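Geometric and topological summary
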Amino acid sequence: LCLVLMAGFCLAEAGMEDKSLAIGSEVLRIEIQPALYPAGESVQALVCVTADAERVLLSPGDTLTIVLDRASGDLAGYDPAVLVNSSAVTPGDFQVWGHPGTNTVTVAYRSSPKSLSRGASFCLRLAFQSHHLANPGGLRLEWTRGGGAPGPYTVVSKRLALPVVD
């Protein structure tokens with residue numbers, strides 16, 4: 001089944017797109033709100049990362065990098081304050097920096113090791129100028145474990161839809 005938009009794009013049926021990043025048994029579920037963006041407008045997106053395992057250990061140097069496809073638009077800014085829904089992790093545990101010229105924002109975990117329990121989350125607000133033409137768009141998320149350590153690290157990435165519609 002498929003939802004066909006006026007622009008002629010076909011999007012996966014709700015719930016069909018795999019929105020998770022996994023390293024071993026630790027799984028993060030990614031949600032992006034809203035699901036569709038009007039063409040040629042200044043818009044905001046909320047990108048939320050939720051623990052979808054019994055626990056997800058956050059360690060200093062772990063990062064989540066978000067890269068907005070040029071087909072979706074141009075990054076205009078981001079809120080450096082991370083929104084947190086967790087009994088263990090606080091907004092001060094994170095540092096956010098961005099590079100609008102490359103459509104990239106990185107969220108780094110900077111505190112002592114802590115676990116996100118199932119359902120705990122953190123979110124980031126992005127602002128961008130959506131592309132002037134309707135298109136399927138998207139963004140890429142990259143989860144890097146151990147990025148702050150001198151030893152080996154692990155990187156997983158996923159591209160998610162971020163459609164721009166008329």
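Please read all numbers here as calculations on a predicted model, not as lab measurements. (Residues numbered from 1 in each chain as written. Predicted model: local features only at pLDDT ≥ 70, side-chain atom pairs only at ≥ 80, totals over all residues. Heavy atoms only, no water.)

Overview of the sheet that holds strand S12 (residues 104-109)
Here five strands make up an open sheet; going across it, the order is S11-S12-S8-S15-S16 and the pairing antiparallel. In the strand order of this sheet, the two ends are held by strand S11 (94-99) and strand S16 (154-160), each with one partner. Here the strands of the sheet are splayed against their neighbours by 15 degrees on average, with no regard to which way each runs. Note: S11 against S12, six bridges, orientation antiparallel. Bridged to Gln95 within S12 is Ala108. (Pairing = 2+ DSSP bridges. Helix = DSSP H or I, 4+ residues; strand = E, 2+ residues; numbered from the N terminus. Axes fitted to C-alpha atoms, helices over the stretch in contact; angles between N-to-C directions.)

Notes on the side chain of Ser111
Its place among the elements puts Ser111 in the loop between S12 and strand S13 (114-117). With residues near it in sequence (within four places) discarded, Ser111 still touches Pro60 and Asp93. (Contact = heavy atoms within 4.5 Å.)

Considerations on the environment of Leu36
Position of Leu36 among the secondary structure elements: in the loop between strand S4 (26-33) and strand S5 (37-38). Here Leu36 falls in the partly exposed class, since its relative accessible area comes to 34%. With 100 residues separating them in the primary sequence, Leu36 and Pro136 have C-alpha atoms 9.5 Å apart. (Buried < 20%, exposed > 50% of the residue type's maximum accessible area, 1.4 Å probe, protein only.)

With respect to the state of the cysteines
A complete count under the given rule lists one disulfide for this structure. Each sulfur of the disulfide joining Cys48 and Cys123 lies 2.1 Å from the other. Taking the torsion about the S-S bond as the criterion, the Cys48 to Cys123 disulfide, at about 110 degrees, is right-handed. Highlighted residues: Cys48 in strand S6 (residues 42-51) and Cys123 in strand S14 (residues 121-130), separated in sequence by 75 residues. (Disulfide = S-S within 2.5 Å.)

Some thoughts on unusual backbone geometry
Between Gln33 and Pro34 the backbone carries a cis peptide bond, its omega angle lying at -10 degrees. Relative to the elements of secondary structure, Pro34 occurs in the loop between S4 and S5. Despite not being glycine, Asn103 shows a phi value in the positive range, around 60 degrees. By the element assignment, Asn103 lies in the loop between S11 and S12.

Things to note about the confidence of the model for the chain
For the chain, the average pLDDT comes to 87, and 87% of its residues sit at 70 or higher. Contacts from residues 1-15, a stretch scored under 50 in pLDDT, to residues over four places away or in other chains number 17 contacts. (pLDDT = per-residue confidence, 0-100.)

Examining the pairing of S12
Most of S12 is tucked away: six of the six residues are buried. Taking the residues that link successive antiparallel strands as the turn, the S11-S12 hairpin has four residues, and the phi of Asn103 there is positive, at about 60 degrees.

A word on the side chain of Glu26
Here Glu26 lies in strand S4. A polar contact is formed between the side chain of Glu26 and the side chain of Arg145, at a distance of 2.4 Å. (Polar contact = N/O pair within 3.5 Å; in protein donor to acceptor, adjacent residues only side chain to side chain.)

Quick look at the environment of Ile23
Inspection of the secondary structure assignment puts Ile23 in strand S3 (residues 20-23). Here Ile23 falls in the buried class, since its relative accessible area comes to 15%.

Considerations on the nonpolar core
In this structure, Ile30, Ile32, Phe94, Leu116, Phe122 and Leu141 are the most contacted members of the largest nonpolar core, which totals 36 residues. Element by element, the count of residues in this core is highest for S6, at five residues. Beyond its immediate sequence surroundings of up to four residues, Phe122 is in contact with Val47, Cys48, Val49, Leu64, Val82, Leu83, Val84, Phe94, Val107 and Leu116. (Core = buried A, V, L, I, M, F, W, Y, C linked by side-chain atoms within 4.5 Å.)

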